[in-house]
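Notes for the structure review
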Amino acid sequence: MTNYLLNSNVFNDDVEQQPIRAGFGRGLKAAGAANDKIVALCADLTDSTQISLFKEAFPERFIEVGIAEQNLVAVASGMARAGKIPFASSYAAFSPGRNWEQIKTTIALNDQPVKIVGSHAGISVGPDGATHQMLEDIALLRVLPNMIVVVPGDGIEAEKATRAIAENGKPSYIRLSREKSPIISTNETEFEIGKAYILRDGYDISLMGTGIMTYQLLIAANILAGQGINAEVVHVPTIKPLDNQTILESARRTGRVLTAEEAQIAGGFGGAVAELLSSELPTPLLRLGMVDRYGESGTPHELLEYFGLTGQHIAEKAAEFVHNKAQYHRDY
Amino acid sequence: MGEKLSLIQLQRKANDIREDIINMLETAGSGHCAGSLDLADIVASLYFNIMNLDPKNPDWEDRDVFFLSNGHTVPVQYAAMAEAGYFDKSELLTLRKLGSRLQGHPERTKLPGLENTSGPLGCGLSQASGYAYTLQYLDDAKHRFVYTIMGDGELDEGSNWEAAMFAGKYKLSQLIAFIDRNNIQIDGNTEDVMPLEDLVGKWESFGWHVLEIDGHNIQSIIDAVNMAKAITNRPSVIIAHTIPGKGVDFMEYDYRWHGVAPNSDQAKAAMQRLRTLDGKITSGDLA
């Protein structure tokens, strides 16, 4: 049964749009107002990562570290040892792209409540090209014991996720997209770390998405409905810990699973679902995302089209999958 | 509060720590002799004179903090902590054993009293800088100081220089860093592997107050820290010239002892060196 309050306007052409990073900026400012232990560090990308909202509100709790991502996270680790709750922000391509070992040693193994903020993640960063399109971050962070990995689906959810990780007492990674993306949730919609949500009930296939891909899955489900295929849509904003129960229950209901992410499917969200299903409930699985290749320059929409990650493309792949793959253990 | 030892007592304590290190490494069968031994005088000075600590209350909120950056030398820290009463000395012989709180490289979550987890080089100065920033700018805790020890070979890591710029920019005057200038690293002498000099010039140009001392002269170590505390507009770095393997003559100056432990014969010989009448007499009873 659906347990996610959808934006009632989500299927209209004039659906509200905002960058997910903007929600992060608002969430951090609100978290900072509620808890004076929260501090923010940035590596020369203050406006881009929207940590500027916190800086304007609490300048004495903002620390500029310059273009030095290794130092960024290790300084944050030291501040956490001194009792603070640091948010360390940069582009995901650089943090955790460049400083993974510092994150592992000084934050994850050291179990300090530092929050790594990876903005401009995924191919949707667009024209900057492959060097700046971080596709490996989900894989890199979800293999770290103690680490929480959150990929919000829209700006409103990013705000809630930011406030949630601010108070969870754990090393955490939050993955943010640069471009405006449709608002799928409402202010009243629930967000809890570690929970996946059913956005649409179905019984032919489960479409599971994270980040901005969940909106594309909703569009794909509507297209599939027109073809007589009834798709369940599952939004998975927390990759670690994965909501095993919700994912397995959905897989058991539909007998087929499709995952979508703007990241490498190897080791990414699709990898996480593949690991779960193969050990608990072997189920035909189609993983969509980046398949062992880098991105390239283009507008965000062009790139989603090119790599087959729009609702229309996903619906085509899903229909083919439904027609060609038998359902397993369907107990609908 | 931990005890504050006199000069003579500190010299004797450093020797006890060296004996602990030899025992630990022999029992463990692996580990790093050279740096652990050469840091004994500095670490003894920190734990038994310089730092305000409470071994029975490791998280005491007014304590000074110590971040060991070159985590492979952690036997010297474990030994000092046991001597200071953080835990029983018998636990030292569990070093590197399955289930031990004394991991091969320090893990904060395993052992109360450790401030950080380290081993991969080049992280300690950043963590110490983050702590020192917090004390200076956020908590207004001017009475607390942050110490870190780095190896010299470790300075090959570029991240140290990111941290050096950071601490220089923010004039972290409660941060006092030691460099263990023993001139060796795994592959050989530092100036052959990757030259570090001019070290004084490098740190001065990053905005630090630089002191150079004999890292085995305990009075010099304490004096340097007092000087560093008196410098209130910059972070301080104390370049401590040391002899790798100090105290065990057949290990001294030899980079091949960087990353190996003594076998039982070597450990016995090392103990004889550390327990000479000369060592005992000059380090104590004539004072």
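Residues numbered from 1 in each chain as written. Chains lettered and ligands numbered in written order. Predicted model: local features only at pLDDT ≥ 70, side-chain atom pairs only at ≥ 80, totals over all residues.

Let's talk about the overall build of chain A
On a plain count of helices and strands, chain A comes out with 11 helices and 14 strands. Its C-alpha atoms give chain A a radius of gyration of 19 Å, near enough to 20 Å, the size a compact globule of 332 residues would have. Over its C-alpha atoms, taken along the principal directions, chain A stretches across nearly 60 × 40 × 40 Å. Across the 332 residues that make up chain A, the buried fraction comes to 59%. Intrachain contacts of chain A at a sequence separation of at least 6 include 79% that bridge at least 24 residues. (Helix = DSSP H or I, 4+ residues; strand = E, 2+ residues; numbered from the N terminus. Rg over C-alpha atoms; globule rule 2.2 N^0.38 Å. Buried ≥ 20, exposed ≤ 12 C-beta atoms within 10 Å, placed from the backbone. Contact = placed C-beta atoms within 7 Å.)

Concerning the environment of phenylalanine 250 of chain B
Residue and element names in this part refer to chain B. Mapping phenylalanine 250 onto the fold places it in the loop between strand 7 (236-241) and helix 10 (264-274). Residue class for phenylalanine 250 comes out exposed when judged on the 12 C-beta atoms lying within 10 Å of it. Phenylalanine 250 sits 23 residues away from arginine 273 along the chain, and the two C-alpha atoms are 9.3 Å apart.

Side note on the domain arrangement of chain A
Residue and element names in this part refer to chain A. Under the domain assignment used here, chain A contains domain 1 (17-182) and domain 2 (197-324). Once you take the C-alpha centre of each, domain 1 and domain 2 turn out to be 25 Å apart. Where the side of domain 1 that touches domain 2 is concerned, the elements lending two or more residues are helix 5 (137-142), strand 6 (148-150), helix 6 (155-166) and strand 8 (180-182). For the side of domain 1 that touches domain 2, the class distribution of residues is 14 nonpolar, eight polar and five charged. (Domains from an automatic or database assignment. Nonpolar A, V, L, I, M, F, W, Y, C, P; charged D, E, K, R; others polar.)

A look at the nonpolar core
Grouped together as the largest cluster of nonpolar side chains are 189 residues, with contacts concentrated most on Leu41, Leu207 and Ala318 of chain A together with Val43 and Ile238 of chain B. A domain split of this core shows at least three residues from each of domain 1 (17-182) and domain 2 (197-324) of chain A. Beyond its immediate sequence surroundings of up to four residues, valine 43 of chain B is in contact with Ile17, Val76, Gln77 and Ala80 of chain B. (Core = buried A, V, L, I, M, F, W, Y, C linked by C-beta atoms within 7 Å.)

Remarks on the packing of helix 7 (residues 213-226) of chain A against helix 11 (residues 311-324) of chain A
Residues and elements named next belong to chain A. Where helix 7 meets helix 11, the closest approach of the two axes is 8 Å, and the angle between their N-to-C directions is 55°. In terms of orientation, helix 7 and helix 11 fall into the oblique class. Crossing handedness for the pair helix 7 and helix 11: right-handed. Across the interface between the two elements, Gln216, Leu217, Ile219, Ala220, Ile223 and Leu224 of helix 7 pack against Gly311, Gln312, Ile314, Ala315, Ala318 and Ala319 of helix 11. (Axes fitted to C-alpha atoms, helices over the stretch in contact; angles between N-to-C directions. Parallel < 35°, antiparallel > 145°, perpendicular 65-115°, else oblique. Left-handed = near helix turned anticlockwise from the far one by under 90°.)

Some thoughts on the interface of chain A and chain B
Chain A puts 22 residues into the contact, and the matching count from chain B is 24 residues. Examining the composition of the side of chain A that touches chain B, we find that nine residues originate from one element, helix 3 (residues 69-81) of chain A, more than from any other. The residue makeup of the side of chain A that touches chain B, split by class, is nine nonpolar, nine polar and four charged.

Let's talk about the environment of isoleucine 193 of chain A
Tracing the sequence through the fold places isoleucine 193 of chain A in the loop between strand 8 and strand 9 (197-200). Between the C-alpha atom of isoleucine 193 of chain A and that of lysine 160 of chain A, which follows or precedes it by 33 residues, the distance is 9.7 Å.

A closer look at the packing of helix 1 (residues 7-28) of chain B against helix 10 of chain B
Residue and element names in this part refer to chain B. The N-to-C vectors of helix 1 and helix 10 enclose an angle of 175°; their axes lie 10 Å apart at closest approach. What the angle tells us is that helix 1 and helix 10 run roughly antiparallel. Across the interface between the two elements, Asn15, Arg18, Glu19, Ile22 and Glu26 of helix 1 pack against Ser264, Ala267, Ala270, Met271 and Leu274 of helix 10. When its residues are assigned to classes, the contact of helix 1 with helix 10 shows five nonpolar, two polar and three charged.

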